[in-house]
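# Fold and contact review
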Amino acid sequence: MLTATNTDEGFVVFDRVQKSYDGNALVVKDLNLDIAKGEFLTMLGPSGSGKTTCLMMLAGFETATHGDIRLGGQPINNIPPHKRGIGMVFQNYALFPHMTVGENLAFPLEVRKMGKSERDEKVKRALDMVQMGEFAGRRPAQLSGGQQQRIALSRALVFEPQLVLMDEPLGALDKQLRERMQYEIKHLHERLGVTVVYVTHDQSEALTMSDRVAVFEDGRIQQLSSPDDLYERPENSFVAQFIGENNKLSGMVTGIKSGVAEVTLDNGSKVSALAVNCEQGSRSTLSIRPERVTLGGPKNKNTTEAEVLELIYLGDHIRCRMNVHGNEEFVVKVANSAGHTHLKAGEKTKVSWLAEDCRALDA
Amino acid sequence: MKLKALLLTAAATSIAATASADITVVSWGGAYTKSQVEAYHKPYAAKTGTKIISEDYNGGLAEIKSQVEAGNVTWDIVDVEMSDAVAGCDQGLLERIDPSILPAGADGTAAADDFIPGTILDCAVANIVWSTVFAYDSTKMANAPKTIADFFDTSGFPGKRGLRKSAKANLEMALAADGVATADIYDVLETPEGVDRAFAKLDTIKGDVVWWEAGAQPPQLLADGEVAMTTAYNGRIFNAVASEDKPFEIVWDAQILDFDLWVIPKGAKNKDAAMDFLAFSTATEQLAAQASWISYGPARKSSAPLVGNYATKPDLAMGPQMPTSADNMATAIVNDFEFWADNGDELNERFNAWLAK
Amino acid sequence: MTDTSAPIVTADGTPLKKKLDQAMFRSRRNAFLLVAPLLAFIIASFIIPIVVLLTQGVYDSSFRKQMPTVATFVADWDGQGEPSEEMMQAALTDIVVGLTIDRSIPTKAAVRINREVSGATSMIKKLIRATGKWKIEYEGKEQRLSDVFRNMEDEDDSGVTLLDESERRAIGVTLAKAVIAQEAPVKAKMIKADKKWADIKYWQAMKVASKAASPAYLAAALDYNYSHDGEFQQRDEDRRIHVKLFWRTLEISLIVTLACLFLGYPIAYLLSTLSVRSSNLLLILVLLPFWTSLLVRTTAWIAMLQAQGVMNDLFVVFGLAADDDRFSLIYNKTGTLIAMTHILLPFMILPLYSVMKTIPPSYVRAAKSMGATNWTAFWRVYFPQSVAGIGAGALLVFILAIGYYITPALVGGQDGQMISNMIDFHMRKSLNWNLAAALGMVLLVFVLFLFWIYDRVVGIDNMKLG
């Protein structure tokens, strides 16, 4: 197995990696990424953003056009996939249909020339780990989606790899099952201490499970940070828009004073916002989370007129779509708490938010 | 008097009725069909206004048998080999032909005396005499073969041989090459020892044989250099020489004479028109005209003096090209169709078994 | 506690099982009605003709109808001794009656006897010729028998014979009695017409031919003779051919199937891994042969493989063969194998491709991620899943190969012929459709047997045709 030679470096390292399929366009542009041992890292992004390509390069099914990928300090560009010792869970599980569950799990041990008794022992343990002990004799086709998912997971772990890659493993499951599996995978990861690189396009999945999330767009990592940072402190307008719900206002930065930007919106009104990713004299997109907007409330600099356009009842809260500074898609969440303000469509009211909850990002 | 006039009108209208029917004439295709189209179809169509549909086939009675047994006969008149004419008549697949419809020869000889003896059968009337000969490419043979024995001598005349994939003709030629006089061939072949002798002779060249089935193949095999010598229908070789200027030579020794005959499948839709066409096309002039298009001999003796030169090469006399010319006839074997009707099944079976060995 | 043994009933009280059966019956009836037109078409255009044709291989009553008196007589005859006057009279009766009804009846019977023993055709024809010259009193005047027979076929103006068949038969019977009364004893006269009438083997052949349901043709299809006393003897060495051809057919079909598999598998794999655009382009190339006629493709192989052909020219240029000693690649078994493999290859590639297309690449990737080498991943994971395609393709190619005859006929020479060529020969050349049917029957049984084995070994439901 691979042993670490450079302790300063992460367990998995992408070093200036580029990838092109056709020689014209880059699908992965100058990727740099350090993943620590035992970390759960999610690559999140819309389809075509390059995240799956990165995973496949790590697994060895695609080769990097430029740059190095290192595992445990050793470059693995020229190591074939079957010698990398990386477990992998595929989107459609890829359980071998002509083998029983037990044979599927024994397969990685068999190719490692492990003795039968040891093999049986490990298969049993791996199946018990996912509460599938009595299914060893079944064929994959006789199992439900969730059961197949568990088998795929235990098969990827049965040979005790230090790194497990998961390529949208929950994509085919229904919502409820997906959420349950998210917890199971998270707990398994915590229990085994294995390094996981997880690919998904579902942001709630990424936020739920990961230690860190790398948001991919256009072949680049747009932001790499913990789930809470990602939601609360997006560094650019793509991330702000991609993660969670977001209200956008755009305008010109007219001044920045001690980290607070003065922005003149397109309708002429001025608001102040946290200067995160903007320059004086250039355009900026302001990002405000719906739950950070208050109705009425104490008057401050950012209090403004709003017209209620639509109300949607969602049980724990009410989504209120209104026209704010000319943006008719501006959403405010009104908690369904005792004595909350009752609004009607067409009604005029005032909304406000704090300058630090409004982030001035790139245009 | 009145009755006779009435009958004549009736006859005239019935002729008019038959003349208007299209007839389907089936023959072997290629240069042979062309010779018939030029010599028979065109003049007949011009004379009677009948539209003639010409179809090609590969010989044999299978199609006729299928049509007759299915009761849906679409062929009106078919050009067949002698053995098939006999077998077809035996099996009741053919209409009987009244020989009185055949016109007398141009020199006034009655049809029965004008045709080569044995070529007017119950169900068939001959139009041509053809023969199976062997031929070689003169530019490729240093030493010209002269006799049938040379054909079977692969050490004296090295190279592959082309033979038709059937017992007929091959067994006769093998015996001739083995020294049996042409007159005795069928007597010898009637005995089991004779058959063994013929196959033993064929054994001597078996490893060098390329087998052909369609008449168009032998000239092609010669032209491609696939074989040094091949048996062939004489007209096909003539055609390759006369119209494609191939350097082929025919060896007439032990040529096997055979006939092609017109037959009318039983229940033909346009039987009367077909009979009329048959009588027209086997008249002296038509048979002679055909011989200027292909080197097959006319079945009527009265046609021989009228045979002129090759239609597309006016300086090429057709007379010497005929299998029936005196020079070529010296060692000819006339195919004994009765022998083949009796022994064809058994000899073909043995031939097939011999081939597969 | 509910009683579980009580039948469950629907809301209206009928037992659920019965209700379900009713509902199922409706859907089954609808399903049947949907396929009924096709079923009727297949039965009428495929099943019935095949059954009728195959029946000819074991049932042939034509001789009984053509020579009924002889047939009745030889049925009780022990097949031994000299032919008697009585037998001769029976034959003469049948021939006279036959000629009266239709002049081709005795010769048809002769063709049938001739299949058992050579020479029967001329034996009967010589007798017809000899008797034709005999004179007989008919319709008040003495005339030659041959003229009497000819006049039977006189037609009226609309082409209908003046006497119908039963009238002619009645005349024939009277005529036959008159002829025998006048000419008896006939034995010597018949033997004078052709000495073969004295030969017992022709009578034994008539005994064989007189059995309507008889294994004679099936025996012939397996190189056996079925004798008049019901025994089977293997034919002489130099007349045995069918069994050899059946084995050769099997051998060639197997080799072609294996060759198609080895050549087709990598192509199908490539097709299934390429992008849709390139795989469609390649698929068109694979299918291209289908758009040219079989004859053209076969002839193209002749141009390629013959001694002076393209391949041999290349061999000579590269010094692999001497100019005067070129390879025999065609007009033999090699030619048949090459041409048939080429022609049947698409039938292997298409089912393989359609199965491989459905195998996701993630299986092999999963296997590799678990540590399997390329070979292990292929052999343990990919190959087992492509077996369905191999089964379908191999069966398709094999069954098509077994029935091939045009290609072997054109390029097979003497040792590349298959059993279908023999069936073709008897269908088209010798017109012995009974033997062709018997050969077809043996071939059919043979294929069904292989099908049964396939089902036993691989399982027919494991087959995916695409």
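Residues numbered from 1 in each chain as written. Chains lettered and ligands numbered in written order. Predicted model: local features only at pLDDT ≥ 70, side-chain atom pairs only at ≥ 80, totals over all residues.

A few words now on the overall build of chain A. Tallying secondary structure elements over chain A gives 8 helices and 20 strands in all. Among the 363 residues that make up chain A, the fraction classed as buried is 41%. Looking at chain A alone, contacts between residues at least 24 apart form 64% of all its contacts between residues at least 6 apart. (Helix = DSSP H or I, 4+ residues; strand = E, 2+ residues; numbered from the N terminus. Buried ≥ 20, exposed ≤ 12 C-beta atoms within 10 Å, placed from the backbone. Contact = placed C-beta atoms within 7 Å.)

This next bit is on the overall build of chain B. Secondary structure assignment for chain B yields 15 helices and 12 strands. Taken over the C-alpha trace, chain B has a radius of gyration of 21 Å; the compact-globule value for 357 residues is 21 Å, and the two agree within 12%. The dimensions of chain B, computed from C-alpha atoms along their principal axes, are 80 × 45 × 35 Å. Taking all 357 residues of chain B together, the buried fraction comes to 52%. Of the contacts made within chain B by residues no fewer than 6 positions apart, 73% connect residues no fewer than 24 positions apart. (Rg over C-alpha atoms; globule rule 2.2 N^0.38 Å.)

Let us now look at the sheet that holds strand β5 (residues 74-75) of chain A. Residues and elements named next belong to chain A. Strand order in the open sheet formed by 4 strands is β2-β1-β4-β5, and the pairing between neighbours is antiparallel. Strand pairing shows two members of the sheet lacking a second neighbour, β2 (26-35) and β5, which therefore form its edges. Relative to β2, strand β1 (residues 12-20) is paired through 6 bridges, and the arrangement is antiparallel. Bridge pairing in β2 places S20 opposite L26. (Pairing = 2+ DSSP bridges.)

With that out of the way, let us pick up helix α17 (residues 361-369) of chain C. The buried fraction of α17(C) is high, at 7 of 9 residues. Inspection of α17(C) places Y363(C), V364(C), R365(C), A366(C), A367(C), K368(C) and S369(C) among the buried residues, and these make up the whole buried set. Next to the buried residues of α17(C) lie α1 (51-59) and β6 (86-89) of chain A together with α18 (374-402) of chain C. Just beyond α17(C), the residue with positive phi is G371(C), at close to 110 degrees.

Comment: phi is negative for the bulk of residues other than glycine, and the bulk of peptide bonds are trans. A cis amide bond, omega -5 degrees, links A184(C) with the succeeding residue P185(C). Take P185(C): it is sitting in the loop between α8 (165-183) and α9 (187-193). Of note in this structure, Y93(A) is not a glycine but carries a positive phi near 70 degrees. Within the fold, Y93(A) resides in the loop between β6 and α2 (101-110). The buried category is assigned to Y93(A), around which 23 C-beta atoms lie within 10 Å. Its identity as a non-glycine residue notwithstanding, S258(A) has a phi of 40 degrees, on the positive side. By secondary structure assignment, the location of S258(A) is in the loop between β11 (247-257) and β12 (260-265).

The next point concerns the sheet that holds β12(A). Consider a sheet: its strands pair through backbone hydrogen bonds, and that pairing is either parallel or antiparallel. Residues and elements named next belong to chain A. Here 5 strands make up a closed barrel; going around it, the order is β11-β12-β13-β20-β14 and the pairing mixed. This sheet shows a mean twist of 55 degrees between the axes of neighbouring strands, independent of strand direction. Pairing of β11 with β12 involves 6 bridges; the strand directions are antiparallel. Within β12, the residue paired with M252 across the bridge is T264. (Axes fitted to C-alpha atoms, helices over the stretch in contact; angles between N-to-C directions.)

Okay, the domain arrangement of chain B next. Residues and elements named next belong to chain B. You can read the domains of chain B as domain 1 (2-129 + 259-324) and domain 2 (131-257 + 327-356). Relative to domain 2, the C-alpha centre of domain 1 lies at a distance of 28 Å. Put simply, the parts of the chain that give the side of domain 1 that touches domain 2 at least two residues each are α2 (30-48), α4 (82-90) and β11 (313-317). A per-element tally of the side of domain 1 that touches domain 2 places α4 first, with 4 residues. (Domains from an automatic or database assignment.)

Residues and elements named next belong to chain C. Interhelical geometry of helix α14 (residues 294-305) versus helix α16 (residues 333-356) gives an angle of 135 degrees and a closest axis separation of 10 Å. The orientation of α14 with respect to α16, classified from their angle, is oblique. In the crossing of α14 with α16, the sense of the turn from one axis to the other is right-handed. Packed against α14, whose contacting residues are L294, R297, T298, W301 and L305, the element α16 presents G335, I338, A339, H342 and I343 at the interface. Split into classes, the residues belonging to the contact of α14 with α16 amount to 6 nonpolar, 3 polar and 1 charged. (Parallel < 35°, antiparallel > 145°, perpendicular 65-115°, else oblique. Left-handed = near helix turned anticlockwise from the far one by under 90°. Nonpolar A, V, L, I, M, F, W, Y, C, P; charged D, E, K, R; others polar.)

So, about the interface of chain C and chain B. Contact residues are listed per partner, giving 31 residues for chain C and 27 residues for chain B. Looking at the side of chain C that touches chain B, the elements with two or more residues in it are α5 (105-116), α6 (120-132), α12 (242-273) and α20 (419-429) of chain C. The element that contributes the greatest number of residues to the side of chain C that touches chain B is α5(C), accounting for 6 residues. Along the lines of polarity and charge, the residues of the side of chain C that touches chain B split into 9 nonpolar, 13 polar and 9 charged.

Another aspect to go through is the interface of chain C and chain A. In many reports, interface size means the accessible area that the parts give up when they come together. Each partner contributes residues to the interface: chain C has 15 residues there, and chain A has 18 residues. Residues belonging to the side of chain C that touches chain A are distributed by class as follows: 7 nonpolar, 6 polar and 2 charged.

Moving on: the nonpolar core. The biggest cluster of nonpolar side chains holds 217 residues, and the ones touching the most others in it are A85(B), A124(B), A135(B), L261(B), V263(B) and L344(C). Looking at which element gives the most residues to this core, the answer is α16(C), with 15 residues. Beyond its immediate stretch of four places on either side in the chain, A135(B) contacts L222(B), M229(B), T230(B), A232(B), I237(B), F248(B), E249(B), I250(B) and V251(B). Core analysis: the second largest hydrophobic core is formed by 103 residues, F40(A), Y93(A), A126(A) and L274(A) among them. (Core = buried A, V, L, I, M, F, W, Y, C linked by C-beta atoms within 7 Å.)

Before going further, it helps to examine the domain arrangement of chain A. The assigned domain composition of chain A is domain 1 (12-232) and domain 2 (245-362). Distance between the C-alpha centres of domain 1 of chain A and domain 2 of chain A: 39 Å.

Residues and elements named next belong to chain B. Taken across its 5 residues, β11 has 0 buried, putting it largely on the surface. Bridge count for strand β10 (residues 309-310) against β11 is 2 bridges, and the pairing is antiparallel. Within β11, the residue paired with N309 across the bridge is A317. In sequence, β10 turns back onto β11 through a hairpin of 2 residues.

A word on the confidence of the model for chain A. When pLDDT is averaged along chain A, the result is 89; 98% of the residues meet or exceed 70. When the criterion is pLDDT under 50, residues 1-6 of chain A qualifies, and its contacts beyond four places in sequence or with other chains add up to 10 contacts. (pLDDT = per-residue confidence, 0-100.)

To continue, consider helix α4 (residues 85-101) of chain C. Here α4(C) contains 17 residues, and its C-alpha end-to-end distance of 24 Å stays within 8% of the 24 Å for a straight helix at 1.5 Å per residue. For α4(C), the buried fraction is high: 15 of the 17 residues fall into the buried class. (Expected span 1.5 Å × (residues − 1).)

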